[in-house]
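A look at the structure
This is what each chain is made of:
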Amino acid sequence: MKALVISGGGSKGAFAGGVAQFLIRELGKEYDIFLGTSTGSLLVSHLALDKIEAIKEIYTSVNQKSIFSNCPFIVKNKGGVSNISINHFNVFNNIIRGRKTFGESGNLRKLIRRVITKEIFNNIQLTSKDVVVTVSNLTLNQMEYKSIRECTYDDFMDWIWISCNYPPFMSLARKNNYDYADGGLGCMVPIEEAINRGATEIDVIILETEVNFINRLPIKNPFSLITTMIEFMMDQIEHQNVKTGKLQAKNKSACIDIYYTPTVLTTNSLIFNKIKMAQWWQNGFEFARLKNQSNRI
C-alpha cells in the first residue's frame with residue numbers, strides 16, 4: 001500500500017504541490033492513502049483525484065484576505081522585501097470582542113468549502129483511496145486523524161479547516177464540545193499514522209530544510225516571542241515525528257522517501273504572497289525532478 005504524506009507549512013504548501021505534481025504526473029505514482037497536516041490537509045483531496053491544476057490555481061492566487069477574516073499582521077513590501085508587524089487595532093478588536101485568538105480565519109473556512117465541493121467529496125468516496133487529515137484535540141490533549149471515509153461532507157470540511165488553524169493567530173475551533181486546533185501542534189509529519197494504516201511505501205513532503213539554516217532575529221516584543229516559541233516547538237515536533245516515523249518504518253519493513261525543501265522559503269508561513277507561492281510551486285516541481293534524476297544515476 002502506498003501513501004503520500006504532506007507536512008504542515010502554511011503558504012509553503014505551494015512547494016509541496018509542485019513536488020506532488022511531479023510524483024503523480026511525471027512518475028505516474030498512484031497512492032492509496034493521502035495524509036496531510038495543516039496546509040497538507042488542503043492539498044490531499046484534490047491530489048487524490050488528480051485535480052492538480054485546480055489546487056494549483058488556488059495556491060497561486062490566494063492572499064491574506066483569502067485566509068483571514070481578521071488578520072493580526074500588517075505586511076508592507078518595500079524593495080522586494082516583506083516587512084511584517086503587528087496589526088494592533090485588529091488584535092485589540094479581537095480581544096475586546098471576547099475572541100480567544102489574535103486573528104480569525106473565517107475566510108479560509110469559506111474558501112475550503114468553495115474549492116472542495118460536495119462533488120469532489122463524493123467522487124473520492126467512490127474510489128478505494130483514503131484521505132486523512134490531522135487535528136489536535138486540546139481538551140483531551142491528544143492527536144486525532146480524520147478519514148474522509150468516516151465523515152459527512154460538512155464534518156470533513158470542518159476538520160480540514162481545523163487542521164489549518166495555527167494558534168494563536170488563527171481561529172480556535174469548538175466542535176463536539178472539544179477545543180481543536182492545528183494538527184501541527186502535535187504531529188507535523190504523520191508518517192507513523194500512514195504506517196499504522198497499512199502503508200509500506202511512503203513519499204513524504206516536509207516543508208522545512210533538512211538542516212537548520214536559520215538564526216532567528218532578536219525578539220522585540222511579546223508578539224514576536226510567541227511566534228518564535230511556537231515555531232521552535234513545531235520544529236522540534238517535526239524532527240521527532242520524522243525520527244519516530246523512520247523507526248516505525250524500520251520495524252514494519254516500510255520504505256520512506258523524503259522530500260525536504262532545499263532552501264528556506266520563508267520565515268513566516270502565515271504570509272500569503274501569490275507571486276512567491278507560484279514560484280515555490282514551480283521550485284517544488286523542479287526539485288522533485290532533480291532529486292529523482294540523481295537517484296537514477
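Quick summary incoming for the structure in this document. Keep in mind that what you see is a predicted model, and the values were worked out from it rather than measured.

**Some words on the nonpolar core**
Leu4, Leu47, Leu108, Phe156 and Ile202 are the most contacted members of the largest nonpolar core, which totals 90 residues. Here this core gets eight residues from one element, more than from any other, and that element is helix α1 (residues 13-26). Among residues more than four places away in sequence, those in contact with Ile202 are Ala3, Val5, Ile191, Ala194, Ile195, Cys255, Ile256 and Asp257.

**Comments concerning helix α8 (residues 153-163)**
What sets the pattern is the α-helix's 3.6 residues per turn: residues three or four places apart point alike. In terms of burial, α8 is largely enclosed, as nine of its eleven residues are buried. Turning to α8, its buried residues are Tyr153, Phe156, Met157, Asp158, Trp159, Ile160, Trp161, Ile162 and Ser163.

**Observations concerning the packing of helix α6 (residues 106-115) against α8**
Between α6 and α8, the least distance of the axes is 10 Å, while the angle of their chain directions is 135 degrees. Considering the angle they form, α6 stands oblique to α8. The crossing of α6 and α8 is right-handed. For the pair formed by α6 and α8, the contact residues are Leu108, Arg109, Ile112 and Arg113 on the first element and Tyr153, Asp154, Met157, Asp158, Ile160 and Trp161 on the second. Here the residues of the contact of α6 with α8 sort into six nonpolar, no polar and four charged.

**Some remarks on α1**
For α1, spanning 14 residues, the distance from its first C-alpha to its last is 19 Å, which sits close to the expected 20 Å at 1.5 Å a residue. A large share of α1 lies buried, amounting to twelve of its 14 residues. Within the sequence span of α1, burial applies to Gly13, Ala14, Phe15, Ala16, Gly17, Gly18, Val19, Ala20, Gln21, Phe22, Leu23 and Ile24.

**Some words on the state of the cysteines**
Going through the model one piece at a time under the given rule, you end up with zero disulfides. Here Cys71 is not cross-linked by a disulfide; its sulfur's nearest cysteine counterpart is in Cys164, at 16 Å. In this model Cys151 remains outside any disulfide bridge; the closest cysteine sulfur is found in Cys164, 15 Å from its own. Look at Cys151 and you get buried, because its relative accessible area is 14%.

**As for the side chain of His46**
Topologically, His46 is positioned in helix α2 (residues 39-48). For His46, a relative accessible area of 2% gives the class buried. Beyond its immediate stretch of four places on either side in the chain, His46 contacts Lys51, Ala54, Ile55, Val115, Ile116 and Ile120.

**Focus on the side chain of Ser163**
As for its placement among the helices and strands, Ser163 is situated in helix α8. Residues within four places of Ser163 in sequence aside, it is in contact with Gly36, Thr37, Ser38, Ser41, Thr134, Val135, Asp182 and Gly183.

**So, the packing of α2 against α8**
One way to put it is that α2 packs onto α8 with a least axis distance of 7 Å and a crossing angle of 140 degrees. Taken as axis vectors, α2 and α8 run oblique relative to one another. Listed contacts from α8 to Ser41, Leu42 and Ser45 of α2 are Phe156, Ile160 and Ser163. When its residues are assigned to classes, the contact of α2 with α8 shows three nonpolar, three polar and no charged.

**Structural notes on the environment of Lys29**
Inspection of the secondary structure puts Lys29 in the loop between α1 and β2 (33-37). For the pair Lys29 and Asp203, spaced 174 residues apart in sequence, the C-alpha to C-alpha distance is 9.9 Å. Apart from residues lying up to four places away in sequence, Lys29 is in contact with Leu23, Ile24 and Asp203.

**Digging into the environment of Phe169**
Relative to the helices and strands, Phe169 resides in the loop between α8 and β7 (173-175). Those residues within four positions of Phe169 in sequence are excluded, and the remaining contacts are Phe68, Pro72, Phe73, Phe102, Gly103, Glu104, Phe223, Ile226, Thr227, Ile230 and Leu270.

**Quick word on the pattern of salt bridges**
Under the defined criterion, the tally for this structure stands at 14 salt bridges. In this structure, Arg197 and Asp130 form a salt bridge, with 3.6 Å as the shortest nitrogen-oxygen distance. Taken as a pair, Arg197 in the loop between α9 (191-196) and β9 (201-206) and Asp130 in strand β5 (residues 130-137) lie far apart in primary sequence, 67 residues in all. Take Asp130: its relative accessible area is 13%, and that puts it in the buried class. Salt-bridge contacts for Asp179 lead to Arg174; the nearest nitrogen and oxygen are separated by 3.1 Å.

Conventions used here
Residues numbered from 1 in each chain as written. Predicted model: local features only at pLDDT ≥ 70, side-chain atom pairs only at ≥ 80, totals over all residues. Heavy atoms only, no water. Core = buried A, V, L, I, M, F, W, Y, C linked by side-chain atoms within 4.5 Å. Buried < 20%, exposed > 50% of the residue type's maximum accessible area, 1.4 Å probe, protein only. Helix = DSSP H or I, 4+ residues; strand = E, 2+ residues; numbered from the N terminus. Contact = heavy atoms within 4.5 Å. Axes fitted to C-alpha atoms, helices over the stretch in contact; angles between N-to-C directions. Parallel < 35°, antiparallel > 145°, perpendicular 65-115°, else oblique. Left-handed = near helix turned anticlockwise from the far one by under 90°. Nonpolar A, V, L, I, M, F, W, Y, C, P; charged D, E, K, R; others polar. Expected span 1.5 Å × (residues − 1). Disulfide = S-S within 2.5 Å. Salt bridge = Lys/Arg side-chain N within 4 Å of Asp/Glu carboxyl O.

Keep in mind these numbers describe shape, not what the thing actually does.
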